[in-house]
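Here is what each chain is made of, one letter per residue.
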Amino acid sequence: MNAATAGYNFAYLDERTKRMIRRALLKAVAVPGCQVPFGSREMPLAYGWGTGGIQVTAAVIGAGDVLKVIDQGSDDTTNAVNIRRFFARVTGVRTTERTREATLIQTRHRIPEVPLTEQQVIVYQVPQPEPLYKLEPRRSAATRLHAWREYGVMNVKLYEDIARWGRIDSAYDHPVLVNGRYVMAPSPIPSFDNPKMHRMPALQLFGAGREKRLYAVPPYTDVKSLDFEDHPFKVEPQGHACALCGSTDTWLDEVLQDGGARMWTCSDTDFCRERREEKQP
Amino acid sequence: MTAPLEADEAEPLLRVHDLSHRFPSAAEEHWAVRGASLVLHPGEVVAIVGESGSGKSTLLNCVAGRIAPSAGQVQYRRADGRWVDVHALPERERRELSRTEWGFVEQHAAEGLRMNVSAGANVGERLMALGRRHYGELRATACEWMERVELDPMRVDDSPRAFSGGMRQRLQIARNLVTRPRLVLMDEPTTGLDVSVQAKLLDLIRLLVARLHLSALVVTHDLGVARLLAHRTLVMRQGRIVEQGLTDRVLEDPQHPYTQLLVSSVVAP
Ligand SMILES: Nc1ncnc2c1ncn2[C@@H]1O[C@H](COP(=O)(O)OP(=O)(O)OP(=O)(O)O)[C@@H](O)[C@H]1O
Ligand SMILES: [Mg+2]
């Protein structure tokens, strides 16, 4: 640690705070998909910049970890770079852009394309942890709906999507049923990523700083996207190939180039690089 | 009209025993409902009439389990035959009853409907809550029920915002009846609608109640509604039930001076 961070505890938070967050995380792991309140702390970043994810990462990171931070799949956006630097400075751990090398991955809005393993933990930054929020904005009422497993209203929304658009139309943050019990917001990842959560070998942790909630999906847990029997959840192909690696089975972003031309490329920049390297030895 | 009482139906569906309620904000001696008792049999429709502020809605909300009364009991005989004390039930069970075996039709349809989703989603909600997950079947059921309440099933995907007051009330009724409840509570279901719309809606309610063999408590300040729908009528004044009996008897031969006043103030039909 350098002079600028002298006086700070390992991973910025003090040990008591980290223990408090870990206790909440243990509860969250014990009851998959259930939102657990925690005493969210002020972080040297504004809400909306992943303070929930950062606190979870700070609570679980160890000196031997290798950290990767992505924002919309990319390692080099301002947000990802800042968070990575922050942890490098306050923990001294090694950081990487390579998914396969990382032991701990903090993410906003994506799950890496490379299948994660038992050796890895993924931490999601969550803006709105309550999947019922749009239907039941009162927090206490929503909590009761979870407790009583009253999820009919969730399907009302999906029914409405089909009635209106002919299909279930949540491109992002499509609600899932975890372990057959709790309905959970997968943070705004594209629906394309939802199937990756199902029986994932890695531990999945979710932190919402402003809302002071965290939740978890332990390894190999069932995660089912909500749907109807006659309108099963399915990932809609985007109908493009990556302009850089040619991939058609990854999530693509549309980027506007100088001059106004449009181009589709892999949102997971590390995966795209790997594909390109494979092709030209 | 007399209640069609068959032998096995001699046992009531609902018993309200000595129910009183005072709102916490109300003055010491101001009881919204005081010592109300009533019995409702299967297939029976009972009207609760009385002037504004007499406690009709409060009594109905206590029966519905929405307001916990200060004193007294509401007992309900469930479909499985078991009597339950509505206010002693855990909230989860009470809510389950209220969206399966009971229905509640609000005076203002906007309070009983989800105004931001389609008519079909409104009718399908209770079924989805019961675990039905087949879109095509849900939508078909919604269309069927729209037809039963004389709404055009072509409008199944329309928002209730595009519906008139009478149509919204029909939709609210369909949304409640779709799970075939045994007990339906209605608070001024026709108030505020045009007279001709009211008449048609009352006809529909009468038809459905008879066809589905529902039991109903209907709050109204309109004696005409009681006359048309109810086998029996209760008259409330200042929180108390001052008179109850067969509707024809209460309206033709009122015993209590207040009822006499009420009846004489209405132009005979
Ligand atoms: N939420 C409340 N808080 C306090 N007092 C209330 C509340 N609701 C009703 N009251 C009072 O309780 C009494 C009975 O009201 P209630 O609404 O049951 O009458 P009502 O017979 O339904 O009248 P209306 O015909 O106007 O609907 C009135 O004095 C009313 O002012
Ligand atoms: Mg009222």
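What counts, and at which threshold
- Residues numbered from 1 in each chain as written.
- Chains lettered and ligands numbered in written order.
- Predicted model: local features only at pLDDT ≥ 70, side-chain atom pairs only at ≥ 80, totals over all residues.
- Heavy atoms only, no water.
- Pairing = 2+ DSSP bridges.
- Helix = DSSP H or I, 4+ residues; strand = E, 2+ residues; numbered from the N terminus.
- Buried < 20%, exposed > 50% of the residue type's maximum accessible area, 1.4 Å probe, protein only.
- Axes fitted to C-alpha atoms, helices over the stretch in contact; angles between N-to-C directions.
- Parallel < 35°, antiparallel > 145°, perpendicular 65-115°, else oblique.
- Left-handed = near helix turned anticlockwise from the far one by under 90°.
- Contact = heavy atoms within 4.5 Å.
- Nonpolar A, V, L, I, M, F, W, Y, C, P; charged D, E, K, R; others polar.
- Domains from an automatic or database assignment.
- Buried area = accessible area lost by both parts, 1.4 Å probe.
- Salt bridge = Lys/Arg side-chain N within 4 Å of Asp/Glu carboxyl O.
- Polar contact = N/O pair within 3.5 Å; in protein donor to acceptor, adjacent residues only side chain to side chain.
- Arc of directions from axis to C-beta.
- Near = heavy atom within 4 Å.
- Areas by Shrake-Rupley, 256 points an atom, 1.4 Å probe, with all protein chains shown as cover.
- UniProt positions renumbered as here; feature names shortened; annotations may be inferred.

**Observations regarding the sheet that holds strand 5 (residues 121–125) of chain A**
Residue and element names in this part refer to chain A.
Here is step 1 of the chain: Ordered in space as 1-9-8-5-4-2-3, the seven strands form an open sheet in which the pairing is mixed. If you trace the sheet from one side to the other, it starts and ends with strand 1 (36–37) and strand 3 (94–95), each paired once.
Here is step 2 of the chain: Sheet topology places strand 8 (residues 203–208) next to strand 9 (residues 213–217); five bridges connect them, and they run antiparallel. Note on strand 9: the bridge partner recorded for phenylalanine 206 is tyrosine 215.

**A short note on the pairing of strand 9 (residues 232–237) of chain B**
All names here are of chain B.
Here is step 1 of the chain: Most of strand 9 sits out of view: five of its six residues are buried.
Here is step 2 of the chain: Taken together, the five bridges between strand 3 (residues 45–50) and strand 9 define a ladder with parallel strand orientation. The residue bridging glycine 50 from the neighbouring strand is methionine 236, located in strand 9.
Here is step 3 of the chain: Here strand 9 pairs with strand 10 (residues 240–246) via six bridges, running antiparallel. Its bridge partner being in strand 10, valine 235 is matched across the sheet by glutamate 243.
Here is step 4 of the chain: Between strand 9 and strand 10, which pair antiparallel in sequence order, lie two residues; one of them, glutamine 238, sits at a positive phi of approximately 50 degrees.

**Structural notes on the packing of helix 6 (residues 165–177) of chain B against helix 7 (residues 195–211) of chain B**
Residues and elements named next belong to chain B.
Here is step 1 of the chain: Axis separation between helix 6 and helix 7 bottoms out at 10 Å; the angle between their running directions is 15 degrees. Taken together, the axis directions place helix 6 and helix 7 in an arrangement best described as roughly parallel. Where helix 6 crosses over helix 7, the two elements pack in a sense that is right-handed. Across the interface between the two elements, Gly166, Gln169, Arg170, Ile173 and Leu177 of helix 6 pack against Val197, Lys200, Leu201, Leu204, Ile205 and Leu208 of helix 7.
Here is step 2 of the chain: Split by residue class, the contact of helix 6 with helix 7 holds seven nonpolar, two polar and two charged.

**Details of the domain arrangement of chain A**
Residues and elements named next belong to chain A.
Here is step 1 of the chain: Here chain A is described as being made up of domain 1 (3–225) and domain 2 (237–281).
Here is step 2 of the chain: Each of domain 1 and domain 2 has a C-alpha centre, and these two points are 26 Å apart.
Here is step 3 of the chain: Contacts between domain 1 and domain 2 engage 16 residues on the former and twelve residues on the latter.
Here is step 4 of the chain: Where domain 1 abuts domain 2, roughly 1100 Å² becomes buried across the two surfaces, and 45% of that area is made up of carbon and sulfur atoms.
Here is step 5 of the chain: Among the residues domain 1 hides against domain 2, the three largest losses belong to Arg98, Glu113 and Phe192. Together they make up 39% of the total.
Here is step 6 of the chain: At the junction of domain 1 with domain 2, the criterion picks out one salt bridge.
Here is step 7 of the chain: The interface formed by domain 1 and domain 2 holds seven residue pairs in polar contact (both at pLDDT 80 or more) in total.

**What about helix 4 (residues 139–147) of chain A?**
Here is step 1 of the chain: When helix 4 of chain A is considered as a whole, its buried residues turn out to be A:Ala141, A:Ala142, A:Leu145 and A:His146. Buried positions in helix 4 of chain A, seen along its axis, are confined to an arc of 145 degrees and lie on one side of it.
Here is step 2 of the chain: In the core, the buried residues of helix 4 of chain A are packed alongside helix 5 (152–165) and strand 7 (182–184) of chain A together with helix 2 (91–100) of chain B.
Here is step 3 of the chain: Count one or two residues on from helix 4 of chain A and you reach A:Arg149, which has phi positive near 60 degrees.

**A word on the site of ligand 1**
All names here are of chain B.
Here is step 1 of the chain: Near ligand 1, the surroundings consist of 13 residues, among which Ser52, Gly53, Lys56, Ser57 and Thr58 are the closest.
Here is step 2 of the chain: Here an oxygen atom of ligand 1 sits 3.0 Å away from a polar atom, N or O, in the side chain of histidine 30.
Here is step 3 of the chain: A distance of 2.8 Å separates an oxygen atom of ligand 1 from a polar atom in the side chain of lysine 56.
Here is step 4 of the chain: In isolation ligand 1 exposes 630 Å². Once the protein is present, 61% of that is buried.
Here is step 5 of the chain: Its residues assigned to classes, the shell around ligand 1 comprises two nonpolar, eight polar and three charged.

**Some points on the domain arrangement of chain B**
Residues and elements named next belong to chain B.
Here is step 1 of the chain: For chain B, the domain assignment lists domain 1 (9–83 + 94–101 + 181–269) and domain 2 (113–180).
Here is step 2 of the chain: Between domain 1 and domain 2, the C-alpha centre-to-centre distance is 26 Å.
Here is step 3 of the chain: Looking only at domain 1, the three residues that lose the most surface to domain 2 are Arg99, Pro181 and Leu204, adding up to 37% of its buried area.
Here is step 4 of the chain: Here domain 1 and domain 2 share zero salt bridges between them.
Here is step 5 of the chain: Taken together, the connections running from domain 1 to domain 2 amount to four residue pairs in polar contact (both at pLDDT 80 or more).
Here is step 6 of the chain: Those elements that provide at least two residues to the side of domain 1 that touches domain 2 are helix 2 and helix 7.
Here is step 7 of the chain: When residues in the side of domain 1 that touches domain 2 are grouped by element, the largest group, six residues, is from helix 7.

**Comments concerning helix 10 (residues 257–264) of chain B**
All names here are of chain B.
Here is step 1 of the chain: Tyr258, Thr259 and Leu262 are the residues of helix 10 that are buried. Down the axis of helix 10, the buried set is contained in an arc of 95 degrees. They therefore lie on one face. With respect to the buried face of helix 10, the exposed residues turned more than 90 degrees away are Pro257, Leu261 and Ser264.

**Some words on the UniProt feature "domain: ABC transporter" (unreviewed entry) in chain B**
Here is step 1 of the chain: Sites flagged by UniProt as "domain: ABC transporter" (unreviewed entry) map to residues 14–263 of chain B.
Here is step 2 of the chain: Along residues 14–263 of chain B the backbone is 39% helical and 24% strand, and the end-to-end C-alpha distance reaches 28 Å.

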